[in-house]
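Summary of structural features
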Amino acid sequence: MTKGLLARKLGMTQVFNPDGTVAAVTVLEAGPCRVLDLRTPERDGYRAARLAFGPVDARRLSKPRLGEFRKAGQEPARRIVEIRDYEGVEPGQELTCEIFGEGELVDVTSTSKGKGFQGMVRRHGFGRGPETHGSMNVRKPGSIGATDAARVFKGLRMAGHMGHVRATVQGLRVLRVDPQRNLLLVHGSVPGPKGGVVVVRGSVKQRTKKKG
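For clarity, every value in this text was computed on a predicted model and none was experimentally measured. (Residues numbered from 1 in each chain as written. Predicted model: local features only at pLDDT ≥ 70, side-chain atom pairs only at ≥ 80, totals over all residues. Heavy atoms only, no water.)

A separate point is the packing of aromatic side chains. Tallied over the entire structure, the rule returns 0 aromatic pairs. A cation sits over an aromatic face here: Arg-84 above Tyr-46, 4.0 Å from the ring centre. (Phe/Tyr/Trp six-rings, centres within 6.5 Å; stacked < 30°, edge-to-face > 60°. Lys NZ or Arg CZ within 6 Å of the ring centre and 35° of its normal.)

Encoded structure:
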């Protein structure tokens, strides 16, 4: 069964494992989330749950969005996200970080940090040219087309906007669950800046131990 929550990235820290080793973790303020509505195959053609997260002043919402909360009889929220194939929940139900357990694997989706306009060396990892005397091609792209096409083909890796894209990190292990403070501590880093909203789902893949 698919399950998930909306969370806010608070930053990174480290924790000690029972064996004495240190693990870098990302601290997520996971929930509480309210189930705003359900999508059903009979009405919408697919199954999903719409989760609302984060307090917001009602004056900052548009009238159509505010009408959704009034229709559901719930307080306004800052973010609404649909999670596909979510079962076992009802409209108005509150979901907390306790839906995940320590040691469980999760997938975290967010918008990565924006890096602005960058060249090809940083954006795509191109190698630079020689820096010897007279070199005019230190961080330039070099050839970008054939000799007879008289045009630049689409899809070439060139300079442009870097980052600020939807990114998912799979198979992160939950190391700590703090229901009192609504915190999840997951092993490793997750995309996005501090304060960014992320979606935490149960992992679609399971790690298998490699045989030596």
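For the rest of this paragraph, the subject is the pairing of strand E12 (residues 197–202). Inspection of the sheet shows strand E1 (residues 4–16) paired to E12 by 5 bridges, in the antiparallel sense. Opposite Ala-7, over in E12, you have Val-198 as the bridge partner. Sheet topology note: the strand E7 (residues 105–111)/E12 ladder contains 4 bridges and is antiparallel. By the bridge assignment for E12, Val-108 is matched with Val-200. (Pairing = 2+ DSSP bridges. Helix = DSSP H or I, 4+ residues; strand = E, 2+ residues; numbered from the N terminus.)

Along the chain, Pro-179 turns up in the loop between strand E10 (166–178) and strand E11 (183–187). The spacing of Pro-179 and Ile-99 is 80 residues in sequence and 9.9 Å in space, taken between C-alpha atoms. Among all residues touching Pro-179, those that are not within four sequence positions of it are Cys-97 and Glu-98. (Contact = heavy atoms within 4.5 Å.)

On to the pattern of salt bridges, then. What the rule picks out here adds up to 11 salt bridges. Across the pair Asp-37 and Arg-43 runs a salt bridge, and its minimum N-O distance is 3.6 Å. For Asp-37, a relative accessible area of 22% corresponds to the partly exposed category. By relative accessible area, which is 52% here, Arg-43 ends up exposed. Here Arg-43 and Asp-44 are joined by a salt bridge, their closest N and O atoms 3.0 Å apart. Taken together, the shared-partner salt bridges connect Asp-37, Arg-39, Arg-43, Asp-44, Arg-50, Arg-65, Glu-68 and Glu-82 into one network. (Salt bridge = Lys/Arg side-chain N within 4 Å of Asp/Glu carboxyl O. Buried < 20%, exposed > 50% of the residue type's maximum accessible area, 1.4 Å probe, protein only.)

With that out of the way, let us pick up the sheet that holds strand E2 (residues 22–30). Spatially, the 6 strands close up into a barrel ordered E1-E2-E11-E10-E7-E12, and their pairing is antiparallel. Within this sheet the neighbouring strands show an average axis-to-axis angle of 50 degrees, counted without direction. As judged from the 6 bridges shared by E7 and E10, these two strands associate in the antiparallel manner. Counted as the bridge partner of Thr-111 is Arg-166 from E10. (Axes fitted to C-alpha atoms, helices over the stretch in contact; angles between N-to-C directions.)

Residues Leu-28, Leu-51, Val-106, Leu-184 and Val-200 are the most contacted members of the largest nonpolar core, which totals 30 residues. Looking at this core, the element that brings in the most residues is E12, giving 4 residues. Ignoring anything within four residues of it in the chain, the contact list for Leu-28 reads Ala-7, Arg-8, Lys-9, Asn-182, Leu-183, Leu-184, Val-186, Val-190, Val-198 and Val-200. Core analysis: the next-biggest nonpolar cluster, separate from the first, contains 8 residues, Leu-36, Leu-61, Leu-66 and Ala-77 among them. (Core = buried A, V, L, I, M, F, W, Y, C linked by side-chain atoms within 4.5 Å.)

In this section: the side chain of Asp-107. Looking at where Asp-107 falls in the secondary structure, it is placed in strand E7. Summary of buried charges: Asp-107 has no salt-bridge partner, and the nearest side chain of opposite charge, Arg-201, is 7.1 Å away. Side-chain polar atoms of Asp-107 contact the backbone nitrogen of Gly-171, separated by 3.0 Å. When neighbours within four sequence positions are excluded, Asp-107 is seen to be in contact with Thr-168, Val-169, Gln-170, Gly-171, Val-199, Val-200, Arg-201, Gly-202, Ser-203 and Val-204. (Lys, Arg positive; Asp, Glu negative; His and termini not counted. Polar contact = N/O pair within 3.5 Å; in protein donor to acceptor, adjacent residues only side chain to side chain.)

Within strand E4 (residues 48–55), 7 of the 8 residues are buried, which leaves the element mostly enclosed by the surrounding structure. Here E4 pairs with strand E5 (residues 77–84) via 7 bridges, running antiparallel. The residue bridging Phe-53 from the neighbouring strand is Arg-79, located in E5.

Here a disulfide denotes a covalent bond joining the sulfur atom of one cysteine to the sulfur atom of another. In the structure shown here, the tally under the stated rule is 0 disulfides. No disulfide involves Cys-97; its nearest neighbouring cysteine sulfur is the one of Cys-33, lying 10 Å away. A residue is classified by how much of its surface remains accessible, and Cys-97, at 0% relative accessible area, is buried. (Disulfide = S-S within 2.5 Å.)

Attention now moves to the side chain of Ser-110. In this structure, Ser-110 sits in strand E7. Among the polar contacts listed, one links the side chain of Ser-110 to the backbone oxygen of Val-197, at a separation of 3.4 Å. When sequence neighbours within four positions are dropped, the list of residues in contact with Ser-110 reads Val-165, Arg-166, Ala-167, Pro-191, Gly-192, Val-197 and Val-198.

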